[in-house]
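Structural features, examined
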Amino acid sequence: MCGADATLVDHIRPHRGDQALFWNWNNWQALCTGCHSSVKQRLERYFNGC
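The rules behind the values
Residues numbered from 1 in each chain as written. Predicted model: local features only at pLDDT ≥ 70, side-chain atom pairs only at ≥ 80, totals over all residues. Heavy atoms only, no water. Helix = DSSP H or I, 4+ residues; strand = E, 2+ residues; numbered from the N terminus. Buried < 20%, exposed > 50% of the residue type's maximum accessible area, 1.4 Å probe, protein only. Contact = heavy atoms within 4.5 Å. Areas by Shrake-Rupley, 256 points an atom, 1.4 Å probe, with all protein chains shown as cover. Lys, Arg positive; Asp, Glu negative; His and termini not counted. Charge placed at Lys NZ, Arg CZ, Asp CG, Glu CD. pLDDT = per-residue confidence, 0-100. Polar contact = N/O pair within 3.5 Å; in protein donor to acceptor, adjacent residues only side chain to side chain. Phe/Tyr/Trp six-rings, centres within 6.5 Å; stacked < 30°, edge-to-face > 60°.

Next up on the list: the overall build of the protein chain. Of the regular secondary structure elements, the protein chain holds three helices and two strands. Element order for the protein chain, N to C, with α for helix and β for strand: β-α-β-α-α. Judged by the C-alpha coordinates and their principal axes, the protein chain covers about 30 × 25 × 15 Å. By the burial criterion, 16% of the 50 residues in the protein chain qualify as buried. Taking all contacts inside the protein chain whose residues are at least 6 apart in sequence as the whole, residues at least 24 apart take part in 48%. Total accessible area on the protein chain stands at roughly 3900 Å², and carbon and sulfur atoms take up 57% of it. Charge-centre separation for the protein chain: the mean point of 5 positive side chains lies 8 Å from the mean point of 4 negative side chains.

With 92% of its residues at a pLDDT of 70 or more, the protein chain has an overall mean of 84. Helix α1 (residues 19-23) holds the highest mean pLDDT among the elements of the protein chain, 97, whereas helix α3 (residues 39-47) holds the lowest, 71.

What follows covers the side chain of H11. Mapped onto the fold, H11 is located in strand β1 (residues 8-11). With relative accessibility at 16%, the residue H11 sits in the buried group. There is a polar contact of 3.1 Å between the side chain of H11 and the backbone oxygen of F22.

Tracing the backbone shows W23 in helix α1. Expressed as a C-alpha distance, the spacing of W23 and G3, which sit 20 residues apart in the sequence, is 25 Å.

Applying the stated criterion across every chain yields a total of one aromatic pair. Residues F22 and W23 carry aromatic rings whose centres are separated by 4.8 Å and whose planes lie at 80° to one another, so their mutual orientation is edge-to-face. Relative accessible area serves as the criterion here: at 25%, F22 is assigned to the partly exposed category.

Okay, here's the thing in structure tokens:
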């Protein structure tokens, strides 16, 4: 998202315990820790109506 080196693999669509979705590499994206902990979490809260 920000262009920094990726430090973790994020699930594009939250798996919520679904093992098939958890291991589906088409559902993975590389993110830096900062984007995963801030931008991505904000987006998930926004789209989930929380």
